[in-house]
Amino acid sequence: MLMRFMQRLFSLIVTLIVASILIFCVIEVLPGDPAAFMLGMNAEPEAVAALRAQMGLDAGLVARYFTWIGGWLTGDFGTSYTYRVPVAELIADRVWVSLPLALYALGLSTVIAFPIGIVAAMRRGRAADYGIMGATQLGIAIPNFWFAMFLVVIFAINLRWVQAGGFPGWHDPVAAIRALTLPAISLALPQASILARIMRSALIDTLDEDYVRTARAKGLSRSGVVRAHALRNAMIPVLTIIGLQFSFLLAGAIIIENVFYLPGLGRLLFQAINQRDLIVVESTVMLLVMAVVVVTFLVDLAYAIVDPRLRR
Amino acid sequence: MRARNLILGGTLSGAFALVALLSFVWTPHDVGAISIPDRMLRPSADHWLGTDQLGRDIFSMLMVGARTSLAVALASVGIGMGLGVPLGLTAAARRGGLLDDVIMRGNDLIFAFPSILIAILITALTGPSVWNAILAIGIFNIPVFARLSRGAALSLWSREYIMAARVAGKGAARISAEHILPNIANLLIVQGTIQFSVGILVEAALSYVGLGAQPPLPSWGRMLADAQTLISLAPHMALFPGLAIVLSVLGLNLMGDGLRDAFDPKLSRGRAQ
């Protein structure tokens, strides 16, 4: 168990280092002179020189890379060129929109997908199964940002249950959760569809196992078998997908935030790109990649909890 | 039931391919024709699906947009297969070796970058364009095909007929090309169909946020972006491009499922995506 943990931790760190080098190269090496690139074609030479000094561009590439990474370790991501505030502050504000949104959507997707997938598996080949499978097929095909637009029309414009967009901040938690509800529902729709299908096929696979037949022969009811044996064994593929989904949800949140004008990391990234604020782009992308890698790592550890065979 | 998926999916996908091809020679109206007095018209005999905020015919725009969607998805599946499959086959041929390890770790690394982040990084450098979308989705597809072909090839390497080929003195590259690739082609076609549909969805999303197809190139995603602010005035502007996406993605997914069942009835139970 410890060996496995150390191995995984090592590969997590290597992945993060290589990813950071990649991002650094794209942002600071490929544009040639990032300062000139950020200021555009008609920039005054003095302005470029000032920005070069602020970004520390006169140092060598390797030294700059280590300054950036060193900054990461101490929570100093540099200063945004356009906002004139520390990037760490910008990101910290926006994480509190994007992260709760992704978690909210993940929770919704799980809560919807589990019962649906279980019902479909237990009624395999019957009308309920076909109905659920058809609905999930549709759920996968619907672009979530398009679904989001119609949610806004129905629930914000016509029924006026919620605001069409924007975010009131967490000082009013009820209003904050209301503001995140439509975005979370639209993010969760395709994910719940995928998860329900995985749940169904994983459960069907385990329901075919010998130990399930044995348990049935011993007089356990169908739902008793599912609760006591099949579900736990079906959890491995389901957990894998839930882990993968977190990164899809973060990525999807970048798009959905634009539908609802939510001030999250996605909006920050788009504004930064439009203003060529590479300093913000660099650290925000790194943060998102880190989130994906760390979640994959945690899911890997979670297998060991679900499946004792992997604890060795 | 099984054949029904294939027929329905194949028909839908075929219809979209036909419409995209047809748009090269005929559209009901000129796609670029702006006519402000005719803006935001509801569907009618003249404009089958109505007009947009500039009075352009939505049906014609959807036809040309199908071209963009299909071209982007096709090109990115091409990139993913073209690079991913050789990588996967190489990794399988050198299973357990250093090269295998390097290729698979590289795959893990790409998996850490959701396609939207790749698109954002490329856009930060070069500005938005439809090529960014192709590249971003293509890169995202590489590990998908590499993992699939490695896994499938691994199970084949222990078979007798591969053994026989090795005894006959064939090298790993030749065995991979002559014996393994044809045997995993079915799997690749099924995954290719699914990645094609994913490509259409991601292209639409990228174009919607302005990272994909740029004006004047018509694209379903951009049509939705235009429609968003006008959605209470002209809901048809948002409805039809979205339906086009749903139907084409649905068609491809059904076709993928149908093909999988046709190739291997044993695997017909559910799709792991």
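Residues numbered from 1 in each chain as written. Chains lettered and ligands numbered in written order. Predicted model: local features only at pLDDT ≥ 70, side-chain atom pairs only at ≥ 80, totals over all residues. Heavy atoms only, no water.

Visitor: If you had to explain the overall build of chain B to someone new, which residues and values would you point to?
Guide: Tallying secondary structure elements over chain B gives nine helices and zero strands in all. Going from the N terminus to the C terminus, chain B shows its helices and strands as α-α-α-α-α-α-α-α-α. Summarising its shape, the C-alpha atoms of chain B cover approximately 75 × 45 × 30 Å along the three principal directions. A separation of at least 24 residues holds for 69% of the contacts in chain B among residues at least 6 apart in sequence. Counting only carbon and sulfur atoms, one obtains 68% of the accessible surface of chain B, whose full area is about 11,500 Å². Charge-centre separation for chain B: the mean point of 20 positive side chains lies 10 Å from the mean point of 15 negative side chains. (Helix = DSSP H or I, 4+ residues; strand = E, 2+ residues; numbered from the N terminus. Contact = heavy atoms within 4.5 Å. Areas by Shrake-Rupley, 256 points an atom, 1.4 Å probe, with all protein chains shown as cover. Lys, Arg positive; Asp, Glu negative; His and termini not counted. Charge placed at Lys NZ, Arg CZ, Asp CG, Glu CD.)

Visitor: Tell me what's going on with the overall build of chain A, and back it up with residues and numbers.
Guide: Within chain A one finds 12 helices and zero strands. By its C-alpha atoms, chain A is 85 × 55 × 35 Å across when sized along the principal axes. Expressed as a percentage of the 312 residues in chain A, the buried residues total 49%. Considering only contacts in chain A between residues 6 or more positions apart, those separated by 24 or more positions represent 73%. Of the accessible surface of chain A, which amounts to about 14,600 Å², a share of 66% is contributed by carbon and sulfur atoms. Treating the 24 positive side-chain charges of chain A as one cloud and the 19 negative ones as another, the clouds have centres 18 Å apart. (Buried < 20%, exposed > 50% of the residue type's maximum accessible area, 1.4 Å probe, protein only.)

Visitor: Pulling in residues and values, what's your account of the interface of chain B and chain A?
Guide: Each side of the interface is counted separately: chain B has 41 residues, and chain A has 51 residues. Residue D257 of chain B pairs with R197 of chain A through a salt bridge whose shortest N-O separation is 3.6 Å. At the boundary of chain B with chain A, the tally comes to three residue pairs in polar contact (both at pLDDT 80 or more). Mapped by element, the contributors of at least two residues to the side of chain B that touches chain A are α3 (98-111), α4 (115-126), α7 (172-208), α8 (220-228) and α9 (235-263) of chain B. If one sorts the elements of the side of chain B that touches chain A by residue count, α9 of chain B sits on top with 12 residues. Tallied by class, residues from the side of chain B that touches chain A come to 31 nonpolar, seven polar and three charged. (Salt bridge = Lys/Arg side-chain N within 4 Å of Asp/Glu carboxyl O. Polar contact = N/O pair within 3.5 Å; in protein donor to acceptor, adjacent residues only side chain to side chain. Nonpolar A, V, L, I, M, F, W, Y, C, P; charged D, E, K, R; others polar.)

Visitor: Could you give an account of the domain arrangement of chain A, with specific residues and numbers?
Guide: Residue and element names in this part refer to chain A. For chain A, the assigned domains read domain 1 (2-74) and domain 2 (94-310). Distance between the C-alpha centres of domain 1 and domain 2: 32 Å. Carbon and sulfur atoms make up 77% of the area that domain 1 and domain 2 hide from each other, which totals about 1,900 Å². Of all residues in domain 1, R4, M38 and W72 give up the largest surface area on contact with domain 2, accounting jointly for 30% of the area buried on that side. In this structure, the connection of domain 1 to domain 2 is made through zero salt bridges. (Domains from an automatic or database assignment. Buried area = accessible area lost by both parts, 1.4 Å probe.)

Visitor: How would you summarise a positive patch on the surface if you had to cite specific residues and measurements?
Guide: A cluster of basic residues, R123, R126, R216 and R222 of chain A, forms a positive patch at the surface. Position of R126 of chain A among the secondary structure elements: in the loop between α5 (87-122) and α6 (127-141). (Patch = residues over 30% accessible without salt bridge, like charges linked within 9 Å, V, L, I, M, F, W, Y side chains within 5 Å.)

Visitor: Residues and numbers for the packing of helix α6 (residues 160-167) of chain B against α7 of chain B, please.
Guide: All names here are of chain B. Across the interface, α6 lies against α7 with an axial gap of 11 Å and an inter-helix angle of 170°. Of the possible angle classes, the one that applies to α6 and α7 is roughly antiparallel. In the packing of α6 onto α7, the handedness of the crossing is right-handed. Only I175, H179, I180 and N183 of α7 make contact with α6, whose side of the interface consists of Y161, I162, A165 and R166. (Axes fitted to C-alpha atoms, helices over the stretch in contact; angles between N-to-C directions. Parallel < 35°, antiparallel > 145°, perpendicular 65-115°, else oblique. Left-handed = near helix turned anticlockwise from the far one by under 90°.)

Visitor: Give me the lowdown on empty space enclosed by the protein, citing residues and values where you can.
Guide: Residue and element names in this part refer to chain B. Considering all chains together, one arrives at three cavities of 30 Å³ or more under this definition. Quantified by volume, the largest cavity comes out at close to 50 Å³. Around the largest cavity, the lining residues are D52, Q53, I58, M61, M223, D226, M237 and P241. Going through the elements one at a time, α2 (58-93), α8 and α9 are the ones with two or more residues in the lining of the largest cavity. A per-class count over the lining of the largest cavity returns five nonpolar, one polar and two charged. (1 Å grid on protein atoms, 1.4 Å probe; cavity = no way out; pocket = protein on both sides within 12 Å on 5 of 7 lines; lining within 4 Å. Points joined across faces, edges and corners; volume = space filled by probe spheres on them.)

Visitor: How would you summarise unusual backbone geometry if you had to cite specific residues and measurements?
Guide: Residues P215 of chain B and P216 of chain B are joined by a peptide bond in cis, for which omega reads 5°. Position of P216 of chain B relative to the elements: it lies in the loop between α7 and α8. Within the chain, R84 of chain A stands out as a residue other than glycine whose phi angle is a positive 60°. Considering the arrangement of structural elements, one finds R84 of chain A in the loop between α4 (61-74) and α5. Within the chain, R276 of chain A stands out as a residue other than glycine whose phi angle is a positive 55°.

Visitor: Report on the environment of H47 of chain B, specifying residues and quantitative values.
Guide: Residues and elements named next belong to chain B. If you trace the backbone, H47 turns up in the loop between α1 (2-25) and α2. In the structure, H47 is positioned 13 residues away from S60 in sequence and 9.0 Å away in space, judged by C-alpha atoms. Sequence-distant contacts of H47, defined by excluding residues within four places in its chain, comprise H29, L41, R42 and D57.

Visitor: Go over the confidence of the model for chain B, please, and point to the residues and values.
Guide: Residue and element names in this part refer to chain B. When pLDDT is averaged along chain B, the result is 88; 96% of the residues meet or exceed 70. Mean pLDDT across the elements of chain B bottoms out in α4 (83) and peaks in α2 (94). Confidence drops under pLDDT 50 across residues 268-273; counting only partners more than four residues distant or on other chains, this segment forms 26 contacts. As scored by the predictor, the complex reaches a pTM of 0.89 and an ipTM of 0.88. (pLDDT = per-residue confidence, 0-100.)

Visitor: I'd like to hear about helix α3 (residues 45-55) of chain A, residue by residue, with values.
Guide: Because each turn of an α-helix spans 3.6 residues, side chains separated by three or four positions end up pointing in the same direction. Residue and element names in this part refer to chain A. Listed as buried for α3 are V48, L51 and M55. Here the buried residues of α3 occupy an arc of 65° about the axis, which is enough to place them on one side. Turned more than 90 degrees off the buried face of α3, the exposed positions are P45, E46 and A53. On its buried face, α3 is in contact with α2 (34-39) and α12 (278-306). Of the residues one or two after α3, G56 is the one with positive phi, at around 70°. (Arc of directions from axis to C-beta.)

Visitor: Lay out the packing of aromatic side chains with the relevant residues and their values.
Guide: Per the stated rule, a full pass over the model turns up 14 aromatic pairs over all chains. A ring pair is formed by F24 of chain A and Y65 of chain A, whose centres lie 5.4 Å apart and whose planes are at 75°; its orientation type is edge-to-face. A residue pair is termed long-range when its members are at least 10 positions apart, and F24 of chain A in helix α1 (residues 2-29) and Y65 of chain A in helix α4 qualify at 41 residues. Here F24 of chain A matches Y65 of chain A in class, with each residue buried. Through a chain of ring-to-ring contacts, three or more aromatic side chains come together here, namely F24, Y65, F66 and W68 of chain A. Looking at R67 of chain B, its charged tip hangs above the ring of F24 of chain B, at a distance of 4.0 Å from the centre. (Phe/Tyr/Trp six-rings, centres within 6.5 Å; stacked < 30°, edge-to-face > 60°. Lys NZ or Arg CZ within 6 Å of the ring centre and 35° of its normal.)

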